[in-house]
Amino acid sequence: MTEFEGVDLICFSHLRWNFVYQRPQHLMTRIAKTNRVFFIEEPILDDSFHFDVKKESGGIFIVVPHLPRKLSDRQILNHQREFISRLLIKMSIDRYALWYYTPMALPISDHLHPVVTIYDCMDELSGFKFAPLGLEELERKLMSMADVVFTGGQSLFETKRNQHHNIHPFPSSIDHDHFSKARTIKDEAPDQEGIPHPRFGFYGVIDERMDLQLLANVAKQRKNWHFILIGPTAKIKAEDLPGQENIHYLGMKNYGELPLYLAGWDVAIMPFALNHSTRYISPTKTPEYLAAGKPVISTPITDVIRTYSSVVNFAATAEDFIQVAENDIQYDDTWLYHVDQILAENSWDKTWKRMKELIEETMTHGGNKINIKTTQTYV
């Protein structure tokens with residue numbers, strides 16, 4: 001057993017465990033093979049007063065505080081602190097690490113005494129719509145407390161690299177075996193089989209990061225093309241979603257179903273808006289789409305261009321999108337071979353292995369007092 005294995009891990013997340021399956025789920029399920037993992041969600045205000053602790057398959061303990069709506073912000077924070085202290089006693093958590101996805105969890109956890117503190121900065125949360133007040137100040141505090149920092153991509157690393165002495169980029173990885181199944185699936189998803197071809201598909205959260213106007217413009221100009229959107233909406237009103245008949249909203253699907261839907265698409269798309277919320281993103285769906293063997297059209301997101309420019313098609317406007325889709329997509333065995341070469345060293349298993357090595361180096365050398373040389377990219 002290594003130095004980190006067997007240490008309990010308390011993870012604070014702004015994303016719920018049963019929301020879209022992404023970076024936190026990929027990493028926490030791997031950590032749970034050797035460590036108890038307690039995934040602390042943000043509170044649910046439902047007029048009750050308790051906290052749920054449920055063990056998911058894979059050994060993850062999901063912890064959800066439930067609090068009355070009438071409480072003040074200060075009372076909500078204080079009760080969460082109390083819940084966490086009680087959790088340590090109830091679950092016999094003695095030697096533990098803290099893993100943060102959100103700096104907003106600092107006020108409910110800064111009384112704890114971990115053996116190591118990790119900040120996995122997967123997004124620039126301050127650029128998101130409705131970012132909470134105090135986020136940037138709390139991130140500065142978290143940076144000063146963390147022993148090691150990971151970022152969700154190279155661009156995010158470059159903007160944060162001078163804020164911490166022990167910071168490392170880890171762009172989005174992939175479960176290749178899971179998504180490559182889409183290459184051979186012949187069945188159709190029941191709610192997708194009646195949609196005509198050509199099909200352009202997207203899965204993920206539909207929020208302010210999506211260029212809905214671009215999507216609407218393409219759909220208007222090519223009424224015989226059909227656009228399939230899978231995933232929840234967030235921070236967007238239903239009336240603001242494009243309503244063309246050739247845009248199909250299929251709702252949320254679980255992670256296991258995604259290859260089935262991918263298999264029925266002709267092109268996978270990433271119509272991200274070019275704004276502050278997308279400036280530093282490294283979309284997990286890029287390698288997933290490619291592993292499925294699907295040609296990809298993306299707006300020109302910096303980290304996608306850096307890593308995948310030789311296999312992904314880019315379009316910044318509706319006119320560009322139409323031109324690429326009609327004339328420029330290259331999709332053959334040579335392209336697929338090149339895709340597989342790019343993805344060969346990219347996996348969540350390898351990402352977690354290298355993260356773990358860095359955590360253990362940090363623990364061995366005294367946490368935030370050391371100066372481990374930063375590296376450029378791990379996949």
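Check the entry above for the structure.
Now for a quick tour of the structure. Being a predicted model, the structure only gives us computed values, none of them experimental.

Let's talk about the packing of aromatic side chains
Item 1. The full count for this structure, using the stated rule, is 21 aromatic pairs.
Item 2. With 5.2 Å between their ring centres and 85 degrees between their planes, Phe 150 and Phe 170 make a pair best called edge-to-face. Placement of Phe 150 in strand β8 (residues 148–151) and of Phe 170 in the loop between β9 (167–169) and α5 (176–180) is noted, with a sequence separation of 20 residues between them.
Item 3. A relative accessible area of 0% places Phe 170 in the buried class.
Item 4. These aromatic residues form a ring-pair network of at least three members: Phe 4, Trp 99, Tyr 101, Phe 150, Phe 170 and Trp 352.
Item 5. The ring of Phe 51 is capped by Lys 90, whose NZ or CZ atom sits 5.8 Å from the centre of that ring.
Item 6. Lying over the aromatic face of Trp 225, Arg 222 brings its terminal NZ or CZ to 5.9 Å of the ring centre.

Details of the side chain of Ser 109
Item 1. Examined against the element boundaries, Ser 109 turns out to sit in the loop between β6 (96–100) and β7 (116–121).
Item 2. A distance of 2.6 Å separates the side chain of Ser 109 from the side chain of Tyr 100, its partner in a polar contact.
Item 3. Once residues within four sequence positions are removed from consideration, Ser 109 is found in contact with Phe 12, Arg 81, Leu 98 and Tyr 100.

Here's the deal with the sheet that holds strand β11 (residues 226–230)
Item 1. Taking strand neighbours across the sheet as the criterion, the six strands line up as β12-β11-β10-β13-β14-β15 in an open arrangement whose pairing is parallel. Strands with a single pairing partner mark the edges of an open sheet, and in this sheet they are β12 (247–251) and β15 (313–314).
Item 2. Relative to strand β13 (residues 267–270), strand β10 (residues 199–203) runs parallel, the two sharing two bridges. Among the inter-strand pairings, Phe 200 is bridged to a residue of β13, identified as Val 267.
Item 3. Running at roughly 150 degrees to β11, helix α6 (residues 212–221) makes contact with β11, β12 and β13 of the sheet.

Calculation criteria
Each chain has its residues counted from 1, running along the sequence as written. Given that this is a predicted model, residues contribute local features only at a pLDDT of at least 70 and side-chain atom pairs are listed and counted only at 80 or more, while totals for whole chains, interfaces and linings are drawn from all residues. The side-chain numbers reported here are obtained from all heavy atoms of the structure, hydrogens and water having been left aside. Aromatic pairing here means that ring centres of Phe, Tyr or Trp (its six-membered ring) are within 6.5 Å. Orientation follows from the plane angle: under 30 degrees is stacked, over 60 is edge-to-face, and everything else is tilted. Note on conventions: DSSP H or I runs of at least 4 residues are helices, E runs of at least 2 residues are strands, and numbering of each starts at the N terminus. Any residue under 20% of the maximum accessible area for its type is buried, any over 50% is exposed, and the rest in between are partly exposed; the area is computed with a 1.4 Å probe on protein chains only. Counted as over-ring charges are cases with an Arg CZ or a Lys NZ within 6 Å of the ring centre that also lie within 35 degrees of the ring normal. For this analysis, a polar contact is any N or O atom pair within 3.5 Å, provided that within protein one partner can donate a hydrogen and the other can accept it, and provided that sequence-adjacent residues contribute only side-chain to side-chain pairs. The contact criterion used throughout is that any non-hydrogen atoms of two residues lie within 4.5 Å. Two strands qualify as a pair provided DSSP detects at least 2 bridges between them. For helices, the fitted axis covers only the stretch in contact; all axes are lines through C-alpha atoms, and the angles between them, taken along N-to-C directions, range from 0 to 180 degrees.

Read these as spatial facts, not as claims about activity.
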